[in-house]
Amino acid sequence: MRRVFRSLASFNYRVWAAGALVSNIGTWMQRAAQDWLVLTQLTNHSASAVGIVMALQFGPQLLLMPWSGLAADRFNQRRLLMVTQATMGTLSLILGILTVTGLVQLWHVYVFAFLFGCSAALDAPVRQTFVAELVGDKDLSNAIALNSTSFNAARMVGPAMAGLLIASVGTGWAFLFNGASFMAVLTSLCLLRKSELRPNARALSTRGGITEGFQYVWSRSDLRATLVMLFLIGTFGLNFPIFISTMAVGVFHTDARGFGLLSSMMAIGTMSGALLAATRDRPRFVALTLGSAIFGVGCTLAALAPNYWLFAAALVVIGIASLTVLNTSNALMQLSTEPAMRGRVMALRLGVALGGTPIGAPIVGWVADHLGPRWALGVGAAAGFAAVLVALGMLSQANAAAGHGSGHGSMPPAE
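These numbers come from a predicted model, not from an experiment. (Residues numbered from 1 in each chain as written. Predicted model: local features only at pLDDT ≥ 70, side-chain atom pairs only at ≥ 80, totals over all residues. Heavy atoms only, no water.)

A. Focus on the overall build of the protein. In terms of helices and strands, the protein carries 16 helices and 0 strands. Against the globule reference of 22 Å for 415 residues, the protein gives a C-alpha radius of gyration of 20 Å, in line with a compact fold. C-alpha extents for the protein along the principal axes are approximately 60 × 45 × 45 Å. Put simply, the protein has 415 residues, and 59% of those count as buried. Of all intrachain contacts in the protein linking residues separated by at least 6 positions in sequence, the fraction that spans at least 24 positions is 88%. With the model as given, the accessible surface of the protein reaches about 16,500 Å², and the carbon-plus-sulfur share is 69%. (Helix = DSSP H or I, 4+ residues; strand = E, 2+ residues; numbered from the N terminus. Rg over C-alpha atoms; globule rule 2.2 N^0.38 Å. Buried < 20%, exposed > 50% of the residue type's maximum accessible area, 1.4 Å probe, protein only. Contact = heavy atoms within 4.5 Å. Areas by Shrake-Rupley, 256 points an atom, 1.4 Å probe, with all protein chains shown as cover.)

Encoded structure:
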C-alpha cells in the first residue's frame, strides 16, 4: 500500500490532493445536476440537448488548445491555476443562483457551459503538468494515478450526493455547492510550500511557440498513435452523460436517485482503474491497447444489458477501461516529452481527447434519440475496437522498422 500512495509522502502533494478532492466532489455534483436539469426540467428528455451542452463545454478544449498549452509552458503555473479555479467557481455560483430562483433557461445552460469550458481549457494543461512541480518526474506516474483516484472517488460520491440534493431541495443547490467547493483548491494553492516546488522548465518566447507543439507531436509516431486512439475513444466513447442519462430515463425508467447511482457505479470502476495504474512503476503502451479493447467490450455489454443492475455492472468495466486509457496516455506522453514542451503536448492531448466531443456528442445524442440509447452505446463500442486496430497497426510498423534497424522516432515494441 505504501508503494501505491508514495506521492503522499510529499507535503505539497498532500495539501493539493486534499483541496482537489473537495473540489472534485463539487464538479461531479454539477455535472450530474446539469445533465438532469437539461434532460428532465428544461427539455422533454432530449439527448440531443445534452449533447449540445457537452459540445459547448468541451469544444473550447479544441479551440483554445494552442494558447492554453503555451500558457502552461510559459507562465507561473500556481498563479494561473488560482485564476482559472476562481473563475470556474464564480460561474458555478451564478448558474446556481439562476436555477434556485427559477430563472434558468436552456440557453443559460448553453452559455455557462461554454464559459466554463473556456476556463477549463486554460486550467486543464496547467493542472496536469503542475503535478510534476509537486512530486518531480520520479513519482509523476504515481501522482497522475492518485489524481485520477481522487477524481473518481469524487465521481463515486458526487453524483449520488447530487441525486439526493436534487430530490430533496432542487437542482440549483448542486451548482451552489460546486461553486463553494473551489475555495478548497484555492486554499490548498495558497498553503503550498513554494521552496519545495520543482518548477518545470519554462518555454522561451519565440515566434513559433504556438506551432512548436504540433511540430513536436507530428515528428513522434508514438505520440501520433496515442492521439488518434484518444480521438476515437474521446469523440465517440467518452459520452457518459448521454449514455447513462438516456439509459436511466429511456430504458430503465429510473428517478434522480437511480441516475445518480449509475454514475457512482461507473466511478467504482474508474477509481479501481486509477488504483491499478498507481501500482505500476511506469506506463506501457500495451496497457493502452488493452484498455481500449476492454472499453469496447464494456460498451458492448452495456448495450446488451437486459436490466438495470447488469447495466450498472457493465459501467464498472467501462470505468476501469476508460481510466486505463486516460491515465496511461497521460503518463506516457508526459514522461516521454521534454519538460519545456509538456504544457503544449498536454493541451494537444486534452484537445484531442475532449475537444472531439463537439463532433461526437451531437452524433451520439442523435443516435440515442432516433435509434435508441443501446445503439448509442454501440457507437462507443466501435470506437474502442477501432482504437485497438490503430494501436496494432502502429505497433506492427514500429516492430518492422526496428527489425530493419531504423527505429528512430518510432514507437518502441510492446512490452
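B. Molecular detail of the packing of aromatic side chains. For the structure shown, the criterion picks out 7 aromatic pairs. Between the aromatic rings of Trp-36 and Phe-259, the centroid separation amounts to 5.3 Å while the plane-to-plane angle is 25 degrees, which identifies the pairing as stacked. Of the two residues, Trp-36 sits in helix H1 (residues 11-42) while Phe-259 sits in helix H11 (residues 256-278), which places them 223 residues apart along the sequence. Here the two residues Trp-36 and Phe-259 agree in accessibility, since each one is buried. Ring centres 5.0 Å apart and planes at 85 degrees place the aromatic pair Tyr-308 and Trp-309 in the edge-to-face group. With a relative accessible area of 56%, Trp-309 lands in the exposed category. Three or more aromatic residues link up through ring pairs in this structure, and these residues are Phe-252, Tyr-308, Trp-309 and Phe-311. (Phe/Tyr/Trp six-rings, centres within 6.5 Å; stacked < 30°, edge-to-face > 60°.)

C. Unusual backbone geometry, seen in detail. Phi is positive for His-45, close to 60 degrees, though the residue is something other than glycine. Within the element layout of this structure, His-45 appears in the loop between H1 and helix H2 (47-63). We note that His-253 has phi near 50 degrees; this positive angle belongs to a residue other than glycine. Structurally, the position occupied by His-253 is in the loop between helix H10 (240-251) and H11. The class of His-253 is exposed, set by a relative accessible area of 63%.

D. Layout of the domain arrangement of the protein. Domain assignment breaks the protein into domain 1 (1-194) and domain 2 (208-400). Each of domain 1 and domain 2 has a C-alpha centre, and the two are 19 Å apart. With 53 residues of domain 1 in contact, the opposing surface of domain 2 contributes 60 residues. Linking domain 1 to domain 2 there are 0 salt bridges. At the junction of domain 1 with domain 2, the criterion picks out 4 residue pairs in polar contact (both at pLDDT 80 or more). (Domains from an automatic or database assignment. Salt bridge = Lys/Arg side-chain N within 4 Å of Asp/Glu carboxyl O. Polar contact = N/O pair within 3.5 Å; in protein donor to acceptor, adjacent residues only side chain to side chain.)

E. Expanded view of the pattern of salt bridges. Summed over all chains, the structure comprises 3 salt bridges. Here Glu-196 ties to Arg-193 by a salt bridge, and the two come within 3.1 Å at their closest N and O atoms. Here Arg-220 makes a salt bridge to Asp-222, at a shortest N to O gap of 2.8 Å. For the pair Arg-220 and Asp-222, a shared accessibility class is recorded, and that class is buried.

F. Region of the structure containing a nonpolar patch on the surface. Together, Leu-63, Trp-107, Val-111, Phe-114 and Leu-115 make up an exposed nonpolar region whose accessible area comes to about 470 Å². Ranked by residues supplied to the nonpolar patch, first place goes to helix H5 (residues 106-135) with 4 residues. On the secondary structure map, Val-111 appears in helix H5. (Patch = residues over 30% accessible without salt bridge, like charges linked within 9 Å, V, L, I, M, F, W, Y side chains within 5 Å.)

G. Inspection of the side chain of Thr-324 at higher detail. Structurally, Thr-324 is set in helix H13 (residues 308-335). Within the structure, the side chain of Thr-324 is placed 2.9 Å from the backbone oxygen of Ile-320, a separation counted as a polar contact. Excluding residues within four positions of it along the chain, Thr-324 makes contact with Arg-280, Ala-287 and Gly-291.

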